[in-house]
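Below, each chain spelled out in residue letters.
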Amino acid sequence: MENELVFCYDRLLGRIIEKFKTRENFASKINMSIPTLISKLSGKVDFKSKEIFEFCIVLEIPLEQIANFFYQTT
């Protein structure tokens, strides 16, 4: 059985809370439903590359830091 990569989005969630206080405020800002955002942050649904770029812009994450926020494994 092949091991599946599991990504950890704790740092990303921390940045969301730091900048927007709640996931709901952030979801509203990026025009994403709360269930979709939660599914992505819990690793149930993968991020699309356009979403990663948009998150970086809105959350003021330098592009060279993408791996630190989106590709950390558990």
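Every value quoted in this text rests on a predicted model; they were computed, and no experiment measured them. (Residues numbered from 1 in each chain as written. Predicted model: local features only at pLDDT ≥ 70, side-chain atom pairs only at ≥ 80, totals over all residues. Heavy atoms only, no water.)

Can you help me understand unusual backbone geometry in this one?
Trans peptide bonds make up the majority, and among non-glycine residues the majority have a negative phi. One non-glycine residue with positive phi stands out, namely Lys 21, at about 70°. Examined against the element boundaries, Lys 21 turns out to sit in the loop between helix H1 (10-20) and helix H2 (23-30). Residue class for Lys 21 comes out exposed when judged on its relative accessible area of 63%. Positive phi, close to 60°, is recorded for Asn 31, a residue that is not glycine. What makes Asn 31 exposed here is its relative accessible area of 72%. (Helix = DSSP H or I, 4+ residues; strand = E, 2+ residues; numbered from the N terminus. Buried < 20%, exposed > 50% of the residue type's maximum accessible area, 1.4 Å probe, protein only.)

Any chance you could explain the pattern of salt bridges here in plain terms?
Scanning the model with the defined rule gives two salt bridges in all. Glu 60 serves as the salt-bridge partner of Lys 19, at 2.8 Å between the closest nitrogen and oxygen. Of this pair, Lys 19 sits in helix H1 while Glu 60 sits in the loop between helix H4 (49-59) and helix H5 (66-70), and the two are 41 residues apart along the sequence. Among the residues examined, Lys 19 registers a relative accessible area of 34% and is labelled partly exposed. Classification of Glu 60 as exposed rests on a relative accessible area of 54%. (Salt bridge = Lys/Arg side-chain N within 4 Å of Asp/Glu carboxyl O.)

Help me understand the packing of H2 against H4 in this model?
Between two packed helices, both the angle of their axes relative to each other and the distance between the axes serve to describe the pair. Two elements in contact, H2 and H4, have axes separated by 11 Å at closest approach and are oriented at 115°. It follows that H2 is roughly perpendicular to H4 by the angle criterion. When you trace H2 past H4, the crossing you get is right-handed. Along its contact with H2, which presents Phe 26, Lys 29 and Ile 30, the element H4 presents Glu 54, Phe 55, Val 58 and Leu 59. The residue inventory of the contact of H2 with H4, partitioned by class, reads five nonpolar, no polar and two charged. (Axes fitted to C-alpha atoms, helices over the stretch in contact; angles between N-to-C directions. Parallel < 35°, antiparallel > 145°, perpendicular 65-115°, else oblique. Left-handed = near helix turned anticlockwise from the far one by under 90°. Contact = heavy atoms within 4.5 Å. Nonpolar A, V, L, I, M, F, W, Y, C, P; charged D, E, K, R; others polar.)

Looking at this structure, I do not really get H4. What am I missing?
The periodicity of an α-helix, 3.6 residues per turn, causes residues three or four places apart in sequence to face the same way. Listed in full, the buried residues belonging to H4 are Glu 51, Ile 52, Phe 55, Cys 56, Val 58 and Leu 59. Elements in contact with the buried residues of H4: H1, H2, helix H3 (34-41) and H5. Just beyond H4, the residue with positive phi is Glu 60, at close to 55°.

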